[in-house]
Amino acid sequence: MEMLANKKVLIIGATGGIGTETAKLLKQSQANLFMTSRNRKRLENLADELQVPKDQLFEMDVTDSRQVNEVADTIHDKHGQVDILINASGVGILKSIDKLTDEDFSHSLDVNLKGTFYLLRAFVPPMKESKKGMIVNLPGVLGKVPMAGAAAYAATKYGVNGLTKSVREELRRTEVRITNLYLGGTDTPFWDEIDMPVNRKKFVTAKEAGRAVWFLCQQPNSGVVSEMVLQPFNHQAI
Ligand SMILES: NC(=O)c1ccc[n+]([C@@H]2O[C@H](COP(=O)([O-])OP(=O)(O)OC[C@H]3O[C@@H](n4cnc5c(N)ncnc54)[C@H](OP(=O)(O)O)[C@@H]3O)[C@@H](O)[C@H]2O)c1
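Criteria and cut-off values
- Going along each chain's sequence as written, the residues are numbered from 1 onward.
- pLDDT decides what is reported in this predicted model: residues at 70 or higher carry local features, side-chain atom pairs at 80 or more are listed and counted, and totals for whole chains, interfaces and linings draw on all residues regardless.
- Helix numbers and strand numbers start at the N terminus; a helix is a DSSP run of H or I with at least 4 residues, a strand a run of E with at least 2.
- The exposure scheme places C-beta atoms from the backbone and then counts, for each residue, the other C-beta atoms within 10 Å of its own, assigning buried at 20 or more, exposed at 12 or fewer, and partly exposed in between.
- A pair of residues counts as a contact when their C-beta atoms, built from backbone coordinates, are within 7 Å of each other.
- For each residue, a C-beta position is placed from the backbone atoms; the residue is near a molecule or strand when that point lies within 6 Å of it.
- Throughout this entry, Asp, Glu, Lys and Arg are counted as charged residues, while Ala, Val, Leu, Ile, Met, Phe, Trp, Tyr, Cys and Pro are counted as nonpolar. The remaining residues, Gly among them, count as polar.
- Think of a nonpolar core as buried Ala, Val, Leu, Ile, Met, Phe, Trp, Tyr and Cys residues, each tied to the set through C-beta atoms within 7 Å.

Caption draft 1: Spotlight on the environment of Thr156. Summarising the element assignment, Thr156 is placed in helix α5 (residues 151-170). For Thr156, a count of 29 C-beta atoms within 10 Å corresponds to the buried category. Distance in space between the C-alpha atoms of Thr156 and Arg66 is 21 Å, their sequence separation being 90 residues. Aside from chain neighbours lying at most four places away, what touches Thr156 is Ser108, Leu109, Asn112 and Leu113.

Caption draft 2: View of the site of the ligand. Taken together, the neighbourhood of the ligand is formed by 27 residues, with Gly16, Arg38, Gly90, Gly140 and Thr188 sitting nearest. No other element matches helix α1 (residues 17-28), which puts 3 residues into the shell around the ligand. In the shell around the ligand, the residues fall into 9 nonpolar, 15 polar and 3 charged.

Caption draft 3: Structural detail: the environment of Asn199. Position of Asn199 among the secondary structure elements: in the loop between β7 (186-187) and β8 (204-205). We classify Asn199 as exposed; it has 11 C-beta atoms within 10 Å. A C-alpha to C-alpha distance of 35 Å links Asn199 and Arg168, two positions 31 residues apart in sequence.

Caption draft 4: Local environment of the nonpolar core. Ranked by size, the top nonpolar core spans 63 residues in total, and within it Val9, Ile11, Met35, Ile86, Val213 and Cys217 carry the most contacts. Counting residues per element, this core draws most heavily on helix α4 (residues 102-130), at 8 residues.

The following block contains the structure:
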């Protein structure tokens with residue numbers, strides 16, 4: 001396993017259910033954390049708990065390419081390239097096709113797909129140049145299989161799948177690793193606003209999902225875990 005101590009790890013969406021659990025474990029492993037959220041207060045509360053320096057926190061909306069580029073420039077100028085980029089941001093708008101609005105569809109695309117594109121475009125170049133680095137994405141099983149009510153969400157996550165795998169092809173002559181974690185239903189605030197009959201008690205816990213990300217961050221240098229699947233027992237979609 002690769003040691004995480006002093007590794008520069010940037011977590012996008014660190015205040016989310018999975019992002020927070022991942023951050024806690026990475027901190028325990030003495031990683032040097034950089035964290036983002038749109039909500040400064042929540043980010044600062046988490047940073048206080050984990051003792052992350054304030055200048056390593058960034059208020060950032062992934063739908064705004066300018067903000068993403070500014071954060072990337074600030075980190076690269078001051079600290080050099082990040083060793084690991086974890087994209088734990090995302091939105092879940094789960095509605096049947098007749099109920100999906102233009103705004104639902106556009107917002108899903110903006111956060112999940114365009115956000116991932118902006119992040120990759122900003123953070124991949126220094127990794128490509130040094131031929132080193134790791135990117136962990138969370139497309140979820142709905143990036144691979146369909147589900148009723150998930151047309152907009154799955155469209156974005158299938159997109160993330162195609163986007164990240166194509167970028168992987170561009171990085172073939174490097175040791176930059178791109179890992180996709182395909183999670184099934186995970187009990188986080190993601191589900192709070194979703195109107196769908198689900199049994200969250202049977203979901204993967206946020207802690208277990210965070211542990212999976214933490215594990216992936218420690219892949220041995222000799223190989224790549226290109227993907228991992230973690231799903232609830234009662235809903236094994238893959
Ligand atoms: N929970 C599941 O069942 C499940 C299953 C498979 C995959 N996933 C994926 O796992 C990732 C994390 O999900 P989660 O369950 O931890 O959800 P969550 O608790 O709702 O957290 C989502 C995170 O995304 C951030 N975010 C939302 N919109 C953003 C924007 N425009 N710009 C920047 N950040 C934004 C939020 O940060 P702020 O609001 O603080 O800005 C929050 O930290 C998502 O990509 C999700 O699709 C989740």
